[in-house]
Amino acid sequence: DTAVSQTPKYLVTQMGNDKSIKCEQNLGHDTMYWYKQDSKKFLKIMFSYNNKELIINETVPNRFSPKSPDKAHLNLHINSLELGDSAVYFCASSGTSGGLEQYFGPGTRLTVT
Amino acid sequence: SQQGEEDPQALSIQEGENATMNCSYKTSINNLQWYRQNSGRGLVHLILIRSNEREKHSGRLRVTLDTSKKSSSLLITASRAADTASYFCATGALGGGKLIFGQGTELSVKP
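Per-chain numbering applies: the sequence of each chain, read as written, is numbered from 1 onward. Key to labels: chains lettered from A, ligands numbered from 1, both in the order written. In keeping with the model being predicted, local features are shown solely for residues with a pLDDT of at least 70 and side-chain atom pairs are shown and tallied solely at 80 or more, while totals for entire chains, interfaces and linings include all residues. By convention in this description, side-chain values take in all heavy atoms of the structure and omit both hydrogens and water.

## Focus: the sheet that holds strand β3 (residues 19-25) of chain A
Residues and elements named next belong to chain A.
- Two strands make a pair as long as DSSP finds a minimum of two bridges between them. By the criteria applied, helices consist of DSSP H or I runs no shorter than four residues and strands consist of E runs no shorter than two, each listed in order from the N terminus. The strand order across the open sheet built from 4 strands is β1-β3-β8-β7, with neighbouring strands paired in antiparallel fashion. Each edge of the sheet is formed by a strand with only one pairing partner; in this case those strands are β1 (4-7) and β7 (64-70). Taking the axes of each pair of neighbouring strands and ignoring which way they run, one obtains an average angle of 20° across the sheet.
- Inspection of the sheet shows β3 paired to strand β8 (residues 73-78) by 4 bridges, in the antiparallel sense. Bridge pairing in β8 links K19 to I78. An axis is simply a line fitted to the C-alpha atoms; with a helix, the fit covers only the stretch in contact. Between two such axes, the angle follows the N-to-C directions and lies from 0 to 180 degrees.

Structure representation (structure tokens):
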């Protein structure tokens, strides 16, 4: 009965590879987000989708491509991974777009070697 | 760019003491929220205060908001070892949109 789930929890890969992280929420929320948390715990939004439509796209390299097949799922695909992509990636959801309370997944720790 | 600045960056107290964390922000907001992050876990929403509110309580938590000073504080009373975590403030903008997080305060409560 997990509210927001992500897979995988850990991801270790080499530079240049392509990888995906999956996120699912069972809260019936309309809006989903991807955040990146760096080694200093600074959390920055990357993308937001509302009912499968992209509504926030921060200054993120175009190697990162989110995809929302339906409003319960938001996946993140990363091409040509770089060392600087190493971080913890969090998925979150909220009931409405507008910065109200968000529910976070457990995070995916990505390590690029 | 980062919206919130939190102070202190780290705080160590004894169980039973109160913990106060402060957050300052730069632009007009619709609401301000506080989240807790236990080590290796996702963030958990604690409390939301709207821009037209000055104070809010939830259990042992008390949040204040001063929009004239663009600052907020989170007070945890009678702290417990289980309160050990990082605490983040996050601001929601007028007209909706994203949350912008502060850098966090690392709280350590010693039994």
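Moving on from the coordinates now.
## Focus on the sheet that holds strand β6 (residues 55-58) of chain B
All names here are of chain B.
- As summarised here, the arrangement of the 5 strands in space is β1-β3-β8-β7-β6, forming an open sheet in which the pairing is antiparallel. The two strands at the open ends of the sheet, each matched to only one other strand, are β1 (5-7) and β6. Along the sheet, successive strands turn relative to each other by an average axial angle of 15°, direction set aside.
- Examined bridge by bridge, β1 and strand β3 (residues 19-24) share 3 bridges and lie antiparallel to one another.

## Comments concerning the interface of chain B and chain A
- Facing 21 residues of chain B, the contacting portion of chain A comprises 19 residues.
- Once two parts are put together, the accessible area they lose, assessed with a 1.4 Å probe and summed over both, is termed the buried area. Summing both partners gives a buried area of about 1700 Å² for chain B against chain A, and 54% of it is carried by carbon and sulfur.
- Whenever a carboxyl oxygen of Asp or Glu lies within 4 Å of a side-chain nitrogen of Lys or Arg, that contact is scored as a salt bridge. For the pair chain B and chain A, the interface holds 2 salt bridges.
- We note a salt bridge from B:E106 to A:K41, for which the minimum N-O separation is 3.8 Å.
- The definition of a polar contact used here is a pair of N or O atoms within 3.5 Å, where within protein one atom must be able to donate a hydrogen and the other to accept one, and adjacent residues in sequence count solely through side-chain atom pairs. There are 4 residue pairs in polar contact (both at pLDDT 80 or more) connecting chain B and chain A.
- Only β4 (31-37), β5 (43-50), β9 (85-92) and β10 (99-101) of chain B provide two or more residues apiece to the side of chain B that touches chain A. By the convention used here, residues are in contact when the closest approach between their heavy atoms is within 4.5 Å.

## Observations concerning empty space enclosed by the protein
Residue and element names in this part refer to chain A.
- Two kinds of site are reported from a 1 Å grid over the protein atoms alone, namely cavities, where a 1.4 Å probe fits but cannot get out, and pockets, open sets with protein on both sides within 12 Å along at least five of seven lines, and residues are called lining when an atom falls within 4 Å of a point. Grid points are joined across faces, edges and corners, and a volume is the space filled by probe spheres set on the points. On inspection of all chains with the given rule, the structure shows 1 cavity of 30 Å³ or more.
- Approximately 30 Å³ is the volume found for the largest cavity.
- Along its surface, the largest cavity is lined by D30, T31, M32, Y49, N51, K52, S68, D70, K71, H73 and L74.
- Mapped by element, the contributors of at least two residues to the lining of the largest cavity are β4 (31-37), β7 and β8.
- The residue makeup of the lining of the largest cavity, split by class, is 3 nonpolar, 4 polar and 4 charged. Basically, the charged four are Asp, Glu, Lys and Arg, the nonpolar ten are Ala, Val, Leu, Ile, Met, Phe, Trp, Tyr, Cys and Pro, and anything else, Gly included, counts as polar.

## Some details on the state of the cysteines
- The criterion for a disulfide is a pair of cysteine sulfur atoms lying within 2.5 Å. In the structure shown here, the tally under the stated rule is 2 disulfides over all chains.
- Between the sulfur atoms of A:C23 and its disulfide partner A:C91 the distance amounts to 1.8 Å. With the S-S dihedral at roughly -75°, the linkage between A:C23 and A:C91 falls on the left-handed side. With A:C23 in strand β3 and A:C91 in strand β9 (residues 87-94), this pair connects stretches of sequence that are 68 residues apart. For the pair A:C23 and A:C91, one class covers both residues: buried.
- Here B:C23 pairs with B:C89 through a disulfide, and the sulfurs are 2.0 Å apart. Exposure classes here rest on a 1.4 Å probe applied to the protein chains alone. A residue is buried below 20% of its type maximum, exposed above 50%, and partly exposed in between.

Coordinates in, geometry out; function isn't part of it.
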